Amino acid sequence: ISVHLRLFPSQRKSKEQPQFPRLCVTQQALRTKECCPVWEGDGSACGAGSGRGSCEDVKISEQPDGPQYPFSGLDDREKWPLVFYNRTCQCAGNFMGFNCGDCKFGYFGDNCNERRVSLRRNIFHLTRAERNRLISYLNLAKQTISREYVVATGTYREMENGSNPMFADVSVYDVFVWMHYYVSRNALLGGPGNVWRNVDFGHWAPAFPPWHRVYLLHWEHEIRKLTGDMTFSIPYWDWRDAQDCEVCTDELMGARSPQNPNLISPSSVFSSWKVLCSQAEEYSNRGVLCDARNEGPLRRNPGNHNQNIVERLPTSADVEFTLSLPNYDTGAMDRTANMSFRNTLEGFGDPQTGLGSSSRLGMHASLHVFMNGSMSSVQGSANDPIFMLHHAFVDSIYEQWLRRHKPSPSQYPESNAPIGHNGDYHMPPFIPLHRNKEYFISSKDLGYEYSYLLDANQRLAESMRPYLDELHDVWPWLILAVLCGGIVTVAIAIAILLAKHRFKALPRRKSWKNFFALPEKQPLIWNNETEASHHNYQTTM
């Protein structure tokens, strides 16, 4: 199974988003290791003048990591973010952001005192307008260069300890593609091919659900800032019992191209998308980071995958069994022995037994393999927009488990988890900083809910939304049809009344037969030739 783990196991100015703020990638900022930008609202660092936050030393956990990564001081993600910064903004109250200029998740308003719960909906329950808006927002994010943020294309050592900054401009969407690559990449030990593969700061271990939860929250937040639509929420794809890629249509995430089954249909906007950070093996062979360059078109060929690894998509029974597992993460270093909710949800535990000894992958990982394209590489999987829909549903399963089992904070490992996964570890590569255990809580506490977790009446109303929307679109035409029908009915009635009136005005000796008869000067003459012609016409008809 270790062979397959890497396959899975494979225009508004933005104000806040994870990763390197431009103001923090100057030589001075990198040399001083300080990322405390000014908040524009009052002109002070971290909004200190308004009580929003202050520039403080970064405090890291001293708890020991597990033995999977036996190095120290070689990878920039170790003890994040100390390699780059040892002072950052620490925000007060409901404020958040690299300069404390934004609000914590679930809070809105200038003073971040408006509490609001957003609803993430089933993508098939969105109205037509909401579906169109989703596609437009995704494409806008893909085509808009991030004005506030850049991504690293070299290690801190390659940057000569900050003297030679190595960062690149990418689109708003591709910042998140890069982030998912960066958290899961191999550790570079120096030189071509000299990498350590048994390391991942966002997968294979306890931080998998919390890290992706924060990732989706930031992505959702950034789309709102980019578009100005504060009502936007990420939809989810409920893939339980699916037989095929139900979202792979040109109205949604793009159908299969008729010219090349590995590409997206030309009728979909996603056919023009280019990927980056998708050639993990090449980077390892060269011993370098992804350089954020265009690496070709988005690829996908769902269902034509290696069925020895993934036999089918997850069923409702698979999900229910996963939810029944009481232990969040056993802490076992060997994934094959880790019989836990997290291990099974991620796809390494058998969704019928929980044991990780099977050669097949299930649950979350099975979707990635099934897509058979850009989604099937761990490091490059976020290039495909289906990634967001998929992980929103994975997050909803995590949410169900939290509500069902109500775990105490102590269930999250505080020590000896693989590097990056202890409870107090700051999640790479997020700036602002987030600790893993801070997101071992309900989504309601973070300001969002899933539509299928609502009560029965609310779920029924949600499922009816697209149909009511269609009815709303056609009701003017229905009214027009009724009016036209009424006019026609009245016209027929008037015609009948006029006919009756004319009949009454005829001389009494005339009958209905006389009334409908042709004038006598044009008599009908019937003969054998006429009858034969009439018969042939009827036969032809």
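As the structure is a computational prediction, the values presented were derived from the model and not from experiment.

Engineer: Help me understand the packing of aromatic side chains, please; the structure alone is not making it clear to me.
Structural biologist: Each aromatic ring pair is described using two quantities: the centre-to-centre distance and the angle formed by the ring planes. This model, assessed by the stated rule, comprises 38 aromatic pairs. When the centroid spacing of 4.9 Å and the interplanar angle of 65 degrees are considered together, the rings of Tyr173 and Trp273 count as edge-to-face. Of the two residues, Tyr173 sits in helix H3 (residues 172-184) while Trp273 sits in the loop between helix H4 (208-227) and helix H5 (280-286), which places them 100 residues apart along the sequence. Using a relative accessible area of 1% as the deciding quantity, one classes Trp273 as buried.

Engineer: Sorry if this is basic, but what is going on with the sheet that holds strand S6 (residues 87-91) here?
Structural biologist: Backbone-to-backbone hydrogen bonds pair the strands of a sheet. The strands run either parallel or antiparallel. Pairing within the open sheet is mixed, and its 3 strands lie in the order S2-S6-S5. Strands at the two margins of the open sheet, each flanked by one partner only, are strand S2 (34-35) and strand S5 (53-57).

Engineer: Sorry, what's going on with the state of the cysteines here?
Structural biologist: Joining two cysteines, a disulfide is a covalent bond between their sulfur atoms. One pass over the full model with this rule turns up 7 disulfides. Each sulfur of the disulfide joining Cys36 and Cys55 lies 2.0 Å from the other. Handedness here is read from the sign of the S-S torsion; for Cys36 and Cys55, about 75 degrees, the answer is right-handed. Of this pair, Cys36 sits in the loop between S2 and strand S3 (38-39) while Cys55 sits in strand S5, and the two are 19 residues apart along the sequence. Across the pair, exposure class does not vary: Cys36 and Cys55 are buried alike. Covalent S-S linkage joins Cys103 and Cys112, the inter-sulfur distance amounting to 2.1 Å.

Engineer: Explain the confidence of the model for the chain to me, please; I cannot follow it from the model alone.
Structural biologist: Close inspection of predicted coordinates is inappropriate in any region flagged by low pLDDT. Mean pLDDT over the chain works out to 87, with 85% of the residues at or above the 70 mark. Segment residues 1-18 is flagged for pLDDT under 50; beyond a separation of four residues in sequence, or across chains, it makes 85 contacts in the model. Contacts of residues 509-541 to residues separated by more than four positions or lying in other chains number 7 contacts, the stretch itself having pLDDT below 50.

Engineer: I'm lost on the packing of H3 against H4 in this one. Help?
Structural biologist: At a closest axis distance of 10 Å, the pairing of H3 and H4 adopts a crossing angle of 165 degrees. The angle between H3 and H4 falls in the class roughly antiparallel. In this structure, the crossing between H3 and H4 has a hand that is right-handed. Contacts from Val172, Tyr173, Phe176, Val177, Met179, His180 and Val183 of H3 reach H4 at Trp211, His212, Tyr215, His218, Trp219, Glu222 and Leu226.

Engineer: Can you walk me through unusual backbone geometry in this structure?
Structural biologist: Only a minority of non-glycine residues have a phi that is not negative, and only a minority of peptide bonds are not trans. Cis geometry is adopted by the peptide bond preceding Pro81, which originates at Trp80 and carries an omega value of 5 degrees. Inspection of the secondary structure puts Pro81 in the loop between S5 and S6. A cis geometry characterises the amide bond from Pro428 onward to Pro429, with omega recorded as -5 degrees. Assignment of secondary structure puts Pro429 in the loop between helix H9 (386-405) and strand S16 (448-450). Here Ala292, not a glycine, exhibits a phi torsion of approximately 65 degrees, which is positive. By the element assignment, Ala292 lies in the loop between H5 and helix H6 (316-324).

Engineer: Quick question: what am I supposed to make of the nonpolar core here?
Structural biologist: Across soluble globular proteins, nonpolar side chains have a tendency to be buried as a group. Counting residues in each nonpolar core, the largest one holds 111 residues, and the members touching the most others are Phe20, Tyr215, Trp237, Met253 and Ile397. Here this core takes 11 residues from H9, the largest share from any one element. Excluding anything up to four places from it in sequence, Ile397 contacts Trp239, Val319, Leu323, Phe341, Leu345, Met363 and Tyr452. Counting 7 residues, the second largest nonpolar core, distinct from the first, contains Trp204, Val310, Leu361 and Val369.

How each quantity is defined
The residue count restarts for each chain, going from 1 along the sequence in the order it is written. Note on the predicted model: pLDDT of at least 70 is required for a residue's local features to be given, and 80 or more for side-chain atom pairs to be given and counted; whole-chain, interface and lining totals, by contrast, use all residues. Only hydrogens and water are set aside; all other atoms, that is, all heavy atoms of the structure, feed into the side-chain values. Here is the rule: rings of Phe, Tyr and Trp (six-membered ring for Trp) pair when centre to centre is within 6.5 Å. Planes less than 30 degrees apart are stacked, more than 60 are edge-to-face, and the remainder are tilted. Each helix corresponds to a stretch of at least 4 residues labelled H or I by DSSP, and each strand to a stretch of at least 2 residues labelled E; elements are numbered beginning at the N terminus. A simple rule labels every residue: compare its accessible area, found with a 1.4 Å probe on the protein chains alone, to the largest value its type can have, and call it buried under 20%, exposed over 50%, or partly exposed in between. The rule for pairing is simple: two strands pair if DSSP sees at least two bridges between them. Note on terminology: pairs of cysteine sulfur atoms within 2.5 Å are recorded as disulfides. A score from 0 to 100, pLDDT tells how confident the predictor is in each residue. Contacts: residue pairs with any heavy atoms within 4.5 Å of one another. Geometry is summarised by axes, namely lines fitted to C-alpha atoms with helices restricted to the contacting stretch, and by angles between N-to-C directions that run from 0 to 180 degrees. Angle categories: roughly parallel below 35 degrees, roughly antiparallel above 145, roughly perpendicular from 65 to 115, and oblique for all the rest. Rotating anticlockwise by less than a right angle from the far helix to the near helix defines a left-handed crossing, while the corresponding clockwise rotation defines a right-handed one. Put simply, buried Ala, Val, Leu, Ile, Met, Phe, Trp, Tyr and Cys residues joined by side-chain atoms within 4.5 Å make one nonpolar core.

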